[in-house]
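Given next are the chains, with one letter for each unit.
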Amino acid sequence: MARALAAHAGTGPRLSDVSKARSRRTSRRAWLYAAPAATVLVGMFVVPLGLAVWMSFHKWPLLGDSQPFNFPANYTAISDDRLFTAAVGFTVKYTAIITVVLLTLSFGLAVLVQESKRRVTGVLRTVFFLPVVTGLTTAALLFLGLLSPSAGPLDDLLAHFGAKVDWLGQPTTALISTVVMMTWRFAGFYMIILLAGLQAIPRELYEAASIDGANRWRALWSVTLPLMRSNLALCTVLIVTGGMVAFEQFYVMTRGGPDNSTVTMVMTIFRQAFSQFNLGVAAAMSVVVLLGLVVLNVVQMRLLGDTDEVAR
Amino acid sequence: MIQRRILSGAAGVGVLAMALVGCAGGGSGAGSTTNGGAAEPVTLTMWTRSVTAVQSQALVDAFNTEQNGKIKIDLTVVPFAEYLQKVSAAASGHNLPDLLAANVIDGPNYSKLGLWSDITARVAALPFADTLAPAHIAAATTGGSVFAVPHVLDASSLYYNKILFEKAGLDPEAPPTTLQEVADDAAAIAALGNGIGGLYLPGDCGGCLAFTLFPSIWAAGGTVMNQDGTKATLDSTAAADVLGIYHSMWANGSMIPESRNEAGATQNAAFEAGTAGFALLGSKALGTLKENDKLKIGVAPIPGPDGGTSTFVGGDVLGISSSSKHADAAWTFLEWSLGDAAQLDIYAKGGFIPVRTDLAENTYAAADPRVVLINSLVKGGQTPYSPRFFQTFNDAQGPFLALVREAIFGSGVDSLPKANDAVTASLEAGA
């Protein structure tokens, strides 16, 4: 914009003054428009972030107000916390599983809705999207109730077939139960994003592909997927980031159990702050997780975003 | 806040007007001036945890009525999960309320941090000082000074279902007197089958397990920690005996399988549904559990492995915050709350445990021998003392829960020495 104006300004001296003044005005007005959003951003994001970093450099108990500077004690305490190091492994494992499951399933749902008869399309879309309007904690509580051996219907139902599953009592089943809940809750959301991508692909391309002798799988592989790269990238970034900061689903459904087998990174941060009353270490952990997320997202953007530009 | 100020301002104007009217009338002028000059009306602020809301509110309402404006208490009930955060924020801003309640296990922590003012002399001067729940006073005492008094008591005891006792051919009026007998009776009840289980334990809730298992260890003369709460002693024979009996109950199926995943929220459910022979619950449960054709509640003290009894005296203590400017008025409330009238007409009548051991037997409790029993447990009960109790024993990812789960649901009591070291490491971490 500025460069365009500058180039334009080169045509004549008088015009230059006018457009310079105009450009100054425009820029001032732009700042004015951006100010409310910028204020919110600074107040709600930059300031708390700075505070968290500052806290992470101090001994900061939840009760009591002695706060001597103790960098890097809070950071070295992280590597001593076996729970945190184990949580990193679990969180990565969970993220990998949920990414694959959610991406595959929501893509499948999107194709299903796209290919369905027009009358059913709306119904299907609504049905798949409905769980999204439930709060995450609410959904987790709902599943906790459904899976409860004393209160839920699922165990009675299975008992009719002589089966019994300890849904939240074993490490593997607890993880699977949570993944199922998250899939139920989020598949519809990612389906909508992917559906938008699917609908943007011109029909002619498929016609051309079929004339070239491509079957459905080939068309999916060579037409649909490449053209949906940006939508898939968006979904992946959202799912991976969401997975790395997973908290509510495990806090409500498993509380990290059984026997600390489903403790995520954010849960260990929460524990340091509100169970160990150690806000300094909790802040240090948050900073470490944040840095990890920044690196991860930069890598993801490089891998998924750049090739997208080339394809275009 | 502003509204309150306007209100008290208005009240002040009203008092002034009344005084003027009194003067104009002449007659009883002398009486009204001494009344008005006695003390300025004081408004005290008080915070309690949501778990004690009913009892705290009943006390404050009665007190405010009785004081008739001379001292008024503004009670704020804080959700228990946010209590420490709120106290912490207020402490650093010197905005603590005049009366500050705390979970009794946090007593040492509050005292150490200086959140309460020292009330040793005031407490000692009470005619009934010796009868105040000894476990609570011990938890509120640090370095020989008393910082708080008992506010709400919750004592753990053994609940059993008399209907299931009869069905299993046991005598419903002769509850078990040793933990081994509990295990035997639980096995007999579990043998009834048909969805009936022996004992239900909150097996995934550290705080609940301390509340229900420690009394058996104390009953056997054992300890759970050293004197100042910096070293765990859960590798003792007493602890091994207790956990060993629970391990056998788990292994032979007399413990209900869902116990392993019970995080506390639904710990009354199985007993209330009449499908559990035994449950270890707090005294509050007696008021909330409803008897029906499947459940007739019997209460017994929690026994040790070979006899003896004890209880975990939980609940909340109440102190005067160190920044309060109305310590005398606040003490007036504390003293009143411990007096005979409040203890009998509010505590005992409302079905709450009196905080004084000399009032365990009273006219209200006499109606139900189970209440007398629970009240009488307080005398021999204990409250563990450690500045890091919550961080160590209530932590869902903490070493104590891991210790109990390994000993009961896992490999058994051979794991105790190593697990005990982990508990000690957590207790020491803050020191």
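Fair warning: this is a prediction, and the values are worked out from it, not measured in the lab.

*Asks:* I would appreciate a short explanation of the overall build of chain A in the present structure.
*Replies:* Helix and strand content of chain A: 14 helices and 0 strands. Tracing chain A from N to C terminus, the helices and strands come up as α-α-α-α-α-α-α-α-α-α-α-α-α-α. Its C-alpha atoms give chain A a radius of gyration of 26 Å, clearly above 20 Å, the size a compact globule of 312 residues would have. With the C-alpha coordinates aligned to their principal axes, the bounding extent of chain A is approximately 85 × 70 × 30 Å. Scored against the burial criterion, the 312 residues of chain A give a buried share of 37%. Residue pairs at least 24 apart in sequence account for 69% of intrachain contacts in chain A once pairs closer than 6 positions are excluded. Of the accessible surface of chain A, which amounts to about 18300 Å², a share of 69% is contributed by carbon and sulfur atoms. For chain A, the centre of its 25 positive side-chain charges and the centre of its 16 negative side-chain charges are spaced 12 Å apart.

*Asks:* Would you take a moment to explain the overall build of chain B for this structure?
*Replies:* If you tally the helices and strands in chain B, you get 19 helices and 12 strands. The C-alpha atoms of chain B give 24 Å as radius of gyration, which agrees with the globular expectation for 431 residues (22 Å, within 12%). For chain B, long-range pairs separated by at least 24 residues make up 75% of all intrachain contacts whose partners lie at least 6 apart in sequence. Accessible surface, chain B as shown: approximately 17700 Å² in total, 56% of it carbon and sulfur.

*Asks:* Can you help me understand the packing of aromatic side chains in this one?
*Replies:* Applying the stated criterion across every chain, the model contains 32 aromatic pairs over all chains. Centre to centre, the rings of A:Y251 and A:F270 are 5.1 Å apart; their planes meet at 65 degrees, and the pair counts as edge-to-face. Taken together, the positions of A:Y251 in helix α12 (residues 248–253) and A:F270 in helix α13 (residues 265–274) put the pair 19 residues apart, joining distant regions of the chain. Owing to a relative accessible area of 30%, A:F270 belongs among the partly exposed residues under this scheme. Their ring planes at 65 degrees and their centres at 6.4 Å tell us that B:F312 and B:F389 sit as a pair that is edge-to-face. With a gap of 77 residues between them, B:F312 in the loop between β11 (309–310) and β12 (313–320) and B:F389 in helix α17 (residues 389–394) connect regions that are remote in the sequence. Aromatic rings pair up to connect B:F211, B:F214, B:W218, B:F312, B:F389, B:F393 and B:F400 into one cluster. Against the face of B:W47 rests B:K86, its NZ or CZ located 4.6 Å from the ring centre.

*Asks:* Help me out: how do you make sense of the pattern of salt bridges in this one?
*Replies:* Two side chains that carry opposite charge are able to pair once their charged atoms sit near each other. Across all of its chains, the model carries 16 salt bridges over all chains by this definition. Measuring nitrogen to oxygen at the nearest pair gives 3.6 Å for the salt bridge that ties A:E115 to A:R216. Note that A:E115 is positioned in helix α4 (residues 82–115) and A:R216 in helix α10 (residues 216–227), a separation of 101 residues in sequence. We classify A:R216 as exposed; its relative accessible area is 68%. Between B:E291 and B:R370 there is a salt bridge, and its shortest N-O distance comes to 3.3 Å. Placement of the pair is B:E291 in the loop between α13 (284–288) and β9 (297–300) and B:R370 in helix α16 (residues 369–380), with a sequence separation of 79 residues. Assessed through its relative accessible area of 43%, B:E291 is described here as partly exposed.

*Asks:* What is the right way to read the interface of chain A and chain B from this model?
*Replies:* Many analyses report the size of an interface as the accessible area lost when the parts associate. Facing 23 residues of chain A, the contacting portion of chain B comprises 22 residues. On the chain A side of the contact with chain B, A:L63, A:R255 and A:F277 bury the most area, a combined 32% of that side's loss. Two residues, A:D259 and B:R405, come together in a salt bridge whose shortest N-O distance is 2.6 Å. Counting across the chain A and chain B interface gives 10 residue pairs in polar contact (both at pLDDT 80 or more). Looking at which element gives the most residues to the side of chain A that touches chain B, the answer is α13(A), with 3 residues. Within the side of chain A that touches chain B, the residues separate by chemical class into 10 nonpolar, 7 polar and 6 charged.

*Asks:* Teacher, can you tell me more about unusual backbone geometry here?
*Replies:* Glycine aside, a negative phi is what most residues show, and trans is what most peptide bonds show. Looking along the chain, the bond that leaves A:F71 and enters A:P72 is cis, with omega of 5 degrees. Relative to the elements of secondary structure, A:P72 occurs in the loop between α2 (13–56) and α3 (73–80). At B:N68, a position not held by glycine, the phi torsion is positive, near 50 degrees. Its location among the elements puts B:N68 in the loop between α3 (53–67) and β2 (71–78). The class of B:N68 is exposed, set by a relative accessible area of 68%.

*Asks:* Whenever I open this one, the pairing of β9(B) confuses me. Can you help?
*Replies:* Each regular strand carries side chains that alternate between the two faces of the sheet. Residues and elements named next belong to chain B. Every second residue of β9 is oriented toward a common face, with I297 and V299 on one face and G298 and A300 on the other, all of them buried. Bridge analysis of strand β6 (residues 149–161) against β9 gives 4 bridges, and the strand direction is antiparallel. If you follow Y159 over to β9, its bridge partner there is V299.

*Asks:* Hey, could you run me through the confidence of the model for chain B in this one?
*Replies:* Any residue range with low pLDDT should be treated as having predicted coordinates unsuitable for detailed reading. Looking at chain B as a whole, its pLDDT mean stands at 88, while 90% of the residues score no less than 70. The low-confidence segment residues 1–37 of chain B, where pLDDT is below 50, has 2 contacts with residues more than four positions distant or belonging to other chains.

*Asks:* I keep staring at the state of the cysteines and nothing clicks. Help me out?
*Replies:* A covalent bond between the sulfur atoms of two cysteines is what we call a disulfide. All names here are of chain B. Inspection of every chain in the model, using the stated rule, returns 1 disulfide over all chains. Across the disulfide, C205 is cross-linked to C208 (sulfur-sulfur distance 2.0 Å). Judged by the sign of its S-S torsion, about 70 degrees, the bond between C205 and C208 is right-handed. C208 matches C205 in its accessibility class, with the two residues each being buried.

Thresholds, definitions, all that
- Residues numbered from 1 in each chain as written.
- Chains lettered and ligands numbered in written order.
- Predicted model: local features only at pLDDT ≥ 70, side-chain atom pairs only at ≥ 80, totals over all residues.
- Heavy atoms only, no water.
- Helix = DSSP H or I, 4+ residues; strand = E, 2+ residues; numbered from the N terminus.
- Rg over C-alpha atoms; globule rule 2.2 N^0.38 Å.
- Buried < 20%, exposed > 50% of the residue type's maximum accessible area, 1.4 Å probe, protein only.
- Contact = heavy atoms within 4.5 Å.
- Areas by Shrake-Rupley, 256 points an atom, 1.4 Å probe, with all protein chains shown as cover.
- Lys, Arg positive; Asp, Glu negative; His and termini not counted.
- Charge placed at Lys NZ, Arg CZ, Asp CG, Glu CD.
- Phe/Tyr/Trp six-rings, centres within 6.5 Å; stacked < 30°, edge-to-face > 60°.
- Lys NZ or Arg CZ within 6 Å of the ring centre and 35° of its normal.
- Salt bridge = Lys/Arg side-chain N within 4 Å of Asp/Glu carboxyl O.
- Buried area = accessible area lost by both parts, 1.4 Å probe.
- Polar contact = N/O pair within 3.5 Å; in protein donor to acceptor, adjacent residues only side chain to side chain.
- Nonpolar A, V, L, I, M, F, W, Y, C, P; charged D, E, K, R; others polar.
- Pairing = 2+ DSSP bridges.
- pLDDT = per-residue confidence, 0-100.
- Disulfide = S-S within 2.5 Å.

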